[in-house]
Amino acid sequence: MTAHPLRMGVIGCAAIAARRMLPALVAHPATEVAAIASRQEAKARSFTDRFGGEPVEGYDRLLERPDIDAVYVPLPALLHAEWIERALQAGKHVLSEKPLATTRKDAEELLTLAAARDLVLLESFMFLTHSQHAFVQRKVAEGAIGDLRHLTAEFAFPAKAADDIRYRPDVGGGALTDIGVYPIRTALMYLGDELDVLGAWLHVDEDRGVDLGGSALLGSPDGVAAHLTFGMEHSYRSQYALWGSHGRISVRWAYTPPPTHSPLIRIEQQDRVEDITLPPEDQFANVVAAFVARIRQGTPSGLEGESVLAQAALVDDVRARALAVPRSGGARSLLP
C-alpha cells in the first residue's frame, strides 16, 4: 500500500517560504501542503491561494489539527525554539528554518525533546544538501590541493528595507544569527567541530540594536585557520575557498544558488587552472526530499543532531568573543 502524502502545516508566512520552500513542498510527490497559519487569516489566505491548503488564523490552531503530520517553521530566529517545542509537544515532525535556535542550550533541549518523542527535527540549512559541496570534499580528500592550510568563507548582501525583520533585535535579528551561520557551518564542514574562536568583531548599529556584519578567525587543533566574513550592508558575495599546500579550490556561488544555476568549481594549482561545471540542482527540493526520507525511511540527513549543536555552540563562542564596533567608532565587548 502506498503511504499517504506527508501532510504539512506551515507556521508563518515568511518570504523565504513563499519564494523557495513552499514551491518545493508543492512539487514533491510525497508532501501535501494541508494548512498555512498566520496571525492574520487574510495573510494565510493569500498564501493558500497560491500554494493550496487551508488558511488558519493562529499558530496554536494549526498545531491542534489532527490532519497535520509535520510542520515547517519559517518564523524569525528568536521564535524558533518556542514554536518548535510546541510542535513537538503536539506530536508533529518539524522542519525549521535555520538556525534551529539562537543558543546551543535551546538547540540541545529541542533535540532531546524530539528524540524523547520519537519525532524528526531537521534544520533547513539548505546549502548543505547541494552536491557541489560533496564534490569539493571528494576533491580535497583525493589530494587535489594537498594538505589543507586555510579556509575563507564569505556571505553578504546589500542592505534591506528599513522594516526588514533582520533589523529587529526582539525577534533575533542581526547578521551573525541570520547569515554568519553559513560561513561558520562551512568551517565546521571542512575543519571539524573542535574549532577555537581566536578573534571576532561585529559591526553594530546602536540605533537598531543589531549587528550588521562581522568577521571571525577560527583555528583547528591541527593548525588550520578559517577566516569568516558576513554582513548585510555589502555588495553580494557568496563563496568559499580552501587553500592547501599544492593548490586552491573555490566555490563561486556557495550558499544561495538558484535551481537553474550550474555550479562552477575552480581548482588552481602551480601550473594549471581547471574550471569544472556541475549540473544545476534545487537545494530546497533536496531539503524536502531529505525530510521525507528521514521520516519515512529513517535516512540520515546531515541536518540534525550533533552537527546542529556544534554550529550553535560555535555561534555562541563567536558572539561571546566578539568586539562590538559601533558606527560612531571605538570598540566594546559584547559581554555584559
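Residues numbered from 1 in each chain as written. Predicted model: local features only at pLDDT ≥ 70, side-chain atom pairs only at ≥ 80, totals over all residues. Heavy atoms only, no water.

A.B. asks: Hey, could you run me through the overall build of the protein in this one?
C.D. replies: Across its full length, the protein carries 9 helices and 16 strands. Judged by the C-alpha coordinates and their principal axes, the protein covers about 60 × 50 × 35 Å. For the protein, the residues scored as buried account for 52% of the 336 residues in total. Contacts in the protein between residues far apart in sequence, at least 24 positions, make up 65% of those at least 6 positions apart. Accessible surface for the protein amounts to roughly 14900 Å². Of this, 50% is attributable to carbon and sulfur atoms. Taking the 34 positively charged and 43 negatively charged side chains of the protein as two groups, their mean positions are separated by 3 Å. (Helix = DSSP H or I, 4+ residues; strand = E, 2+ residues; numbered from the N terminus. Buried < 20%, exposed > 50% of the residue type's maximum accessible area, 1.4 Å probe, protein only. Contact = heavy atoms within 4.5 Å. Areas by Shrake-Rupley, 256 points an atom, 1.4 Å probe, with all protein chains shown as cover. Lys, Arg positive; Asp, Glu negative; His and termini not counted. Charge placed at Lys NZ, Arg CZ, Asp CG, Glu CD.)

A.B. asks: Looking at this model, I keep getting lost on the packing of helix H4 (residues 77-89) against helix H5 (residues 104-116). Mind explaining?
C.D. replies: The geometry of a pair of packed helices is captured by two quantities: the angle between their axes and the separation between those axes. Following both chains from N to C, one finds H4 and H5 inclined at 10°, their axes separated by 10 Å at the closest point. It follows that H4 is roughly parallel to H5 by the angle criterion. Across from Ala81, Ile84, Glu85, Leu88 and Gln89 in H4, the residues of H5 making contact are Asp106, Leu110, Leu113 and Ala114. Broken down by class, the residue content of the contact of H4 with H5 amounts to 6 nonpolar, 1 polar and 2 charged. (Axes fitted to C-alpha atoms, helices over the stretch in contact; angles between N-to-C directions. Parallel < 35°, antiparallel > 145°, perpendicular 65-115°, else oblique. Nonpolar A, V, L, I, M, F, W, Y, C, P; charged D, E, K, R; others polar.)

A.B. asks: Is there a simple way to explain empty space enclosed by the protein in this structure?
C.D. replies: Rolled over the atoms, a probe as big as a water molecule pinpoints where empty space is left. Evaluated as defined, the whole model comprises 1 cavity of 30 Å³ or more. Considered as a void within the structure, the largest cavity measures approximately 50 Å³ in volume. Forming the boundary of the largest cavity are Pro99, Ala101, Thr102, Thr103, Thr177, Val181, Gln311, Ala312, Val315 and Arg319. With 4 residues, the top contributor of residues to the lining of the largest cavity is helix H9 (residues 306-321). Each residue belonging to the lining of the largest cavity can be placed in one class, and the counts come to 5 nonpolar, 4 polar and 1 charged. (1 Å grid on protein atoms, 1.4 Å probe; cavity = no way out; pocket = protein on both sides within 12 Å on 5 of 7 lines; lining within 4 Å. Points joined across faces, edges and corners; volume = space filled by probe spheres on them.)

A.B. asks: Mind showing me how you'd approach the pairing of strand E5 (residues 93-97) here?
C.D. replies: Along a regular strand, successive side chains alternate from one face of the sheet to the other. Of all 5 residues in E5, 5 are buried, a share of seventy percent or more. Neither face of E5 is exposed, since His93, Leu95 and Glu97 on one face and Val94 and Ser96 on the opposite face are all buried. In the sheet, strand E4 (residues 70-73) pairs with E5 via 4 bridges, with the strands oriented parallel. Among the inter-strand pairings, alanine 70 is bridged to a residue of E5, identified as histidine 93. This β-α-β element, E4 to H4 to E5, shows right-handed connectivity. Pairing of E5 with strand E6 (residues 121-124) involves 4 bridges; the strand directions are parallel. Along E6, the bridge assignment pairs leucine 95 with leucine 122. In terms of handedness, the path from E5 via H5 over to E6 forms a crossover that is right-handed. (Pairing = 2+ DSSP bridges. Right-handed = clockwise from strand over helix to strand, strands pointing away.)

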